[in-house]
Amino acid sequence: MRPTDVGHPDYFHRVVDCQWACPAHTNVPEYIRLIAQGRFTEAYLVNRASNVFPGILGRTCDRPCEPACRRTRVDGTPVAICRLKRVAADHRDEVAHLIPTAPSEKNGKKVALIGAGPASLTVANDLMPLGYAVTIFEKLPRAGGLMRINIPSFRLPEPVLDEEIGYIVNMGVEMRFGTPVTSLKALLDSGEFDAVFVGSGAPRGKELDIPGRRDSDQIFLGIEWLESVHFGHVDSVGSHVVIIGVGNTAMDCCRSAKRLGATDVKVVARKTRKYFKASPWELEDAEEEGVEILENLQPIRFVLEQGRLVGMEFDRFRSIEVDGTLQQEVVGREIIPCDTVILAIGQDNAFPWIERGIGLEFGKWDMPVVDRTTFMSTRPGVFFGGDAAFGPANIIWAVEHGHQAAISIHNHCQGVPVTERPPRGVTLTSTKMGLHEWAYSNNYDPSGRQKMQHVEMPLRFQNMTTEVEKGFTAEQTRTEVERCLNCDVQTHFTDSLCIECDACIDICPVDCLTITPNGEEADLRTRLMAPADNTDQPIFVSGQLKQTGRVMVKDENVCLHCGLCAERCPTFAWDMRRAVIDLPHAGAAVALVTR
């Protein structure tokens with residue numbers, strides 16, 4: 001194998017599994033270290049540089065970073081990354097004066113954003129400081145999109161939404177509330193805007209067309225029902241409620257129903273729990289509140305008596321796994337009594353306001369054809385992001401779509417090809433402070449993951465606004481931050497300094513280092529002290545060592561970043577260097593790659 005180029009931004013980025021897995025690539029280890037030092041404001045700003053909504057996402061993110069966390073390979077449980085994000089948001093100082101502002105002199109370009117959800121707000125966040133005049137068209141009276149109207153206040157308090165959205169809107173964004181766009185053609189033909197971004201979400205709930213669907217006024221679509229609850233149009237519900245579907249929207253519906261007075265709430269799933277779309281913690285919270293989750297049931301009809309909904313009839317399945325595939329067979333039928341049914345089986349996009357024949361192609365499922373790198377449609381100057389681009393996903397995906405679309409919009413308005421993306425960079429800085437001391441906490445802490453404390457059960461159901469999660473205590477925060485393995489502090493090897501004494505190999509607690517003759521990757525992986533079986537993670541290969549011509553090989557998958565190799569090395573061949581990945585946003589035309 002050729003020597004590994006550790007100066008390439010993606011090499012060490014991949015090693016920081018949490019940051020690599022995050023769609024917005026938030027620098028997780030850095031903000032956790034800042035929290036450990038009590039520097040909550042700095043931690044919040046590190047978060048905001050990439051994910052834009054730390055307080056919101058610290059409560060609602062789907063947490064793709066956590067399954068990737070290297071800590072799971074040590075004790076099976078990831079660092080509570082998302083909840084630490086909330087710690088920074090809850091305990092920071094005022095940051096309004098530290099957030100980028102819009103210049104008083106504009107650059108002469110105008111951009112229209114359709115929908116005031118997280119994708120559009122991120123585009124505005126990135127373009128306003130560059131001098132763009134940004135106008136957001138929103139059909140509702142307030143900004144936030146589905147994260148305002150579909151995430152209940154007991155999970156996401158409105159003051160948190162208002163504050164973080166306000167940081168963006170207060171840059172001078174022109175907000176046209178109560179102004180739905182009814183014709184994209186008319187908007188484009190007006191000539192008022194140099195670019196248009198569509199961030200209208202996936203606003204239509206999926207239907208369940210089975211017998212009885214149109215025969216009762218107590219059958220609701222989940223996202224529409226949550227919107228009605230948010231605006232106060234619905235303030236009560238039946239005693240026996242059935243939710244169809246097991247995504248996060250279903251969890252918000254069932255927990256909202258409990259707060260509106262339902263005494264018996266059941267969530268019904270066609271498949272087994274392994275295949276549920278809801279986040280595990282959402283399922284746990286719902287069950288803690290007395291929601292019953294039923295598996296292996298498929299609805300076949302609504303049961304009505306004298307025009308009144310009294311139940312639902314289901315096919316009951318027996319499920320087995322065969323070679324990793326779920327196989328189901330009908331073994332009977334079952335009627336579940338209920339007086340209200342909420343359908344939460346998914347969301348669809350709806351673009352009745354986008355005319356055909358305006359140069360904007362639609363493809364599978366009647367979705368716009370959108371480039372996954374530039375987020376531009378087939379009509380130059382029209383961009384999509386968030387759920388409107390590729391279907392429903394979490395807020396953090398919408399944020400990253402917004403960042404990338406903003407780069408493209410800036411390029412388009414400045415006459416630069418949208419395919420030209422600002423390059424990533426990496427800076428490596430030694431953390432050495434002495435012979436055996438580093439500028440980070442490198443001791444392994446065996447503590448388990450901290451459990452979030454909740455508001456007492458009776459208090460939760462008094463209203464819709466009491467936030468259930470209390471947030472980590474100071475002691476919980478101190479314990480949880482020490483569980484982080486500081487994966488961004490990398491072992492850095494200089495082959496010309498190595499004397500092949502094997503001291504690093506002897507002291508490595510996980511046997512991830514080997515000095516061996518070079519070879520092909522598949523062969524090298526089998527010859528390490530501990531075979532490197534995870535091919536999703538790279539192996540490091542040095543240049544030839546001057547004593548024997550062999551190479552130093554390291555399995556990045558199991559390294560704990562403890563620094564013992566660097567402490568033990570007598571020649572300073574090993575060093576612990578902090579890798580800062582530069583992920584430029586709109587306006588960053590050049591990013592230097594340094595070692």
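Please read all numbers here as calculations on a predicted model, not as lab measurements.

**Comments concerning the domain arrangement of the protein chain**
Then, in step 1: Parsing the protein chain into structural domains produces domain 1 (1–19 + 424–595), domain 2 (99–203 + 349–413) and domain 3 (205–346).
Then, in step 2: Measuring from the centre of the C-alpha atoms in domain 1 to the corresponding centre in domain 3 gives 44 Å.
Then, in step 3: Counting residues at the interface gives eight residues for domain 1, matched by nine residues for domain 3.
Then, in step 4: Of the roughly 770 Å² buried at the junction of domain 1 and domain 3 (both faces included), carbon and sulfur atoms supply 58%.
Then, in step 5: Summed over the shared surface of domain 1 and domain 3, the result is two salt bridges.

**Here's the deal with the nonpolar core**
Then, in step 1: Residues L184 and F384 are the most contacted members of the largest nonpolar core, which totals 76 residues.
Then, in step 2: Here this core takes nine residues from helix 17 (residues 395–413), the largest share from any one element.
Then, in step 3: Those residues in contact with L184 that sit more than four places away from it in its chain are I114, V196, W353, I354, E355, I358, L360 and V382.

**Section: the packing of helix 9 (residues 118–127) against helix 11 (residues 158–169)**
Then, in step 1: Where helix 9 meets helix 11, the closest approach of the two axes is 9 Å, and the angle between their N-to-C directions is 45°. Taken together, helix 9 and helix 11 sit at an angle that is classed as oblique. Between helix 9 and helix 11, the residues in contact are L121, A124 and N125 and I165, I168 and V169, respectively.
Then, in step 2: Class assignment for the residues of the contact of helix 9 with helix 11 results in five nonpolar, one polar and no charged.

**A few points about the side chain of R92**
Then, in step 1: Residue placement: R92 occurs in the loop between helix 8 (81–91) and strand 1 (110–114).
Then, in step 2: A distance of 2.9 Å separates the side chain of R92 from the side chain of E163, its partner in a polar contact.

**Quick look at helix 15 (residues 280–288)**
Then, in step 1: W281, E282, L283, D285 and A286 are the residues of helix 15 that are buried.
Then, in step 2: The inward-facing, buried residues of helix 15 abut helix 14 (248–259) and strand 9 (292–294).
Then, in step 3: Of the residues trailing helix 15, G290 is marked for its positive phi of about 90°.

So, how was this worked out
- Residues numbered from 1 in each chain as written.
- Predicted model: local features only at pLDDT ≥ 70, side-chain atom pairs only at ≥ 80, totals over all residues.
- Heavy atoms only, no water.
- Domains from an automatic or database assignment.
- Contact = heavy atoms within 4.5 Å.
- Buried area = accessible area lost by both parts, 1.4 Å probe.
- Salt bridge = Lys/Arg side-chain N within 4 Å of Asp/Glu carboxyl O.
- Core = buried A, V, L, I, M, F, W, Y, C linked by side-chain atoms within 4.5 Å.
- Buried < 20%, exposed > 50% of the residue type's maximum accessible area, 1.4 Å probe, protein only.
- Helix = DSSP H or I, 4+ residues; strand = E, 2+ residues; numbered from the N terminus.
- Axes fitted to C-alpha atoms, helices over the stretch in contact; angles between N-to-C directions.
- Parallel < 35°, antiparallel > 145°, perpendicular 65-115°, else oblique.
- Nonpolar A, V, L, I, M, F, W, Y, C, P; charged D, E, K, R; others polar.
- Polar contact = N/O pair within 3.5 Å; in protein donor to acceptor, adjacent residues only side chain to side chain.

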